[in-house]
Amino acid sequence: MDKRSKEIKNNKCWLSFKCQICTLAMFTIASIIDSQNLETKLRLHFAVVEGFSVEKMIKIYTLRDRIRDDVEFNFYNAKKVEIDLNNTNPKGIAVNARLIMPELLPDDVERVIIFDLGDTLILRDLSEMYNWNMEDKIYYGVLDDGVMKYGRFSKKALDIYINTGSYLVDNKKAKSEKIYEKIVKNKSLYKPSGIYEQDLLNDIAYGKIGYLPIRFGLKAPFTDDKISDSPPFRTDYNNILEKAKYKEKYNLPKNRFEMNSQAFNPVVIHQWNGKWIRGRGLSIYRRIVQNYIRIAGIWDEICPVFPGVCKK
């Protein structure tokens with residue numbers, strides 16, 4: 001066991017999340033807390049925007065009583081990002097708030113794991129992900145199908161491109177290399193879109209990004225049950241693997257069979273090919289989501305607004 005592995009058991013596992021002003025966040029947070037080993041100590045950080053209320057903060061705190069009472073919650077005012085990156089992401093400014101997170105955290109936070117809230121589930125302990133050997137990189141994440149798109153800042157094909165729904169950050173390096181400042185300075189390079197912050201981060205940090213195993217941010221292999229029941233079981237993974245570079249260096253799956261095998265038991269499942277709130281995606285994961293909705297005590301609140309996530 002290396003030094004960092006010992007530290008993760010004896011001290012804190014630092015995790016960071018962008019917080020949407022939405023009850024949907026509760027089931028992701030509940031899955032994080034519930035899935036960790038007892039010796040993994042959680043310190044959760046939320047970058048809050050758009051008038052995040054005390055009532056919502058208290059609601060999140062109730063998860064301590066419902067699941068585990070040794071979890072620490074920290075909330076940071078991220079209003080600056082509302083000004084710096086206003087009107088750049090149709091999904092809302094909360095998506096961009098993850099970009100400023102390293103700037104908000106205290107210096108003793110060396111690493112953070114950043115997750116989407118509302119369309120991710122954490123199913124296993126995160127210590128391995130937190131302790132991953134990052135070499136000299138700032139960010140480590142999971143391969144995304146945006147790989148090889150042209151970077152307007154780097155002026156190069158983005159031969160390593162990660163999905164920002166689940167990724168690991170060397171917080172001190174992100175600060176020292178002023179990544180957020182560079183993002184703000186070059187914010188006009190990309191037009192407003194649902195992947196605005198993802199494109200910017202991958203481009204600005206070109207050469208400083210590596211790949212995690214797909215189990216740390218996997219999307220479901222099929223968009224719905226019907227497709228999964230119909231041979232020959234061609235999945236969305238195929239197109240990504242065809243474009244992927246550095247398969248040997250990062251031990252990426254070499255073919256769709258290896259990819260499907262590694263998809264069997266993910267640590268993090270990120271539903272970016274079929275949103276649970278729209279009633280899409282595989283039933284097996286939507287049922288787990290429903291379990292955490294009940295654990296979080298928000299069934300009656302969430303189902304009338306997002307009936308798709310509650311359907312059987």
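The rules behind these values
Residues numbered from 1 in each chain as written. Predicted model: local features only at pLDDT ≥ 70, side-chain atom pairs only at ≥ 80, totals over all residues. Heavy atoms only, no water. Helix = DSSP H or I, 4+ residues; strand = E, 2+ residues; numbered from the N terminus. Buried < 20%, exposed > 50% of the residue type's maximum accessible area, 1.4 Å probe, protein only. Polar contact = N/O pair within 3.5 Å; in protein donor to acceptor, adjacent residues only side chain to side chain. Salt bridge = Lys/Arg side-chain N within 4 Å of Asp/Glu carboxyl O.

## Focus: unusual backbone geometry
- The backbone of Asn87 sits at a positive phi, close to 60°, despite the residue not being glycine.
- One can find Asn87 in the loop between helix 4 (79-84) and helix 5 (93-104).
- The phi angle at Asn251 is positive, at roughly 55°, despite the residue not being glycine.
- We classify Asn251 as exposed; its relative accessible area is 56%.

## Details of the side chain of Asn163
- Assignment of secondary structure puts Asn163 in strand 7 (residues 162-170).
- A distance of 2.8 Å separates polar atoms of two side chains, one belonging to Asn163 and the other to Asp144.

## Comments concerning the pattern of salt bridges
- Counting across every chain of the model gives 14 salt bridges.
- With its nearest N and O atoms 3.3 Å apart, the salt bridge here joins Asp70 to Lys41. Of this pair, Asp70 sits in the loop between helix 3 (54-66) and strand 3 (72-77) while Lys41 sits in the loop between helix 2 (25-35) and strand 2 (42-48), placing them 29 residues apart in sequence.
- On the basis of relative accessible area, Lys41 is assigned to the partly exposed category, the value being 30%.
- Two residues, Glu128 and Arg215, come together in a salt bridge whose shortest N-O distance is 2.6 Å. Taken together, the positions of Glu128 in helix 6 (residues 127-130) and Arg215 in the loop between strand 8 (209-211) and helix 10 (225-228) put the pair 87 residues apart, joining distant regions of the chain.

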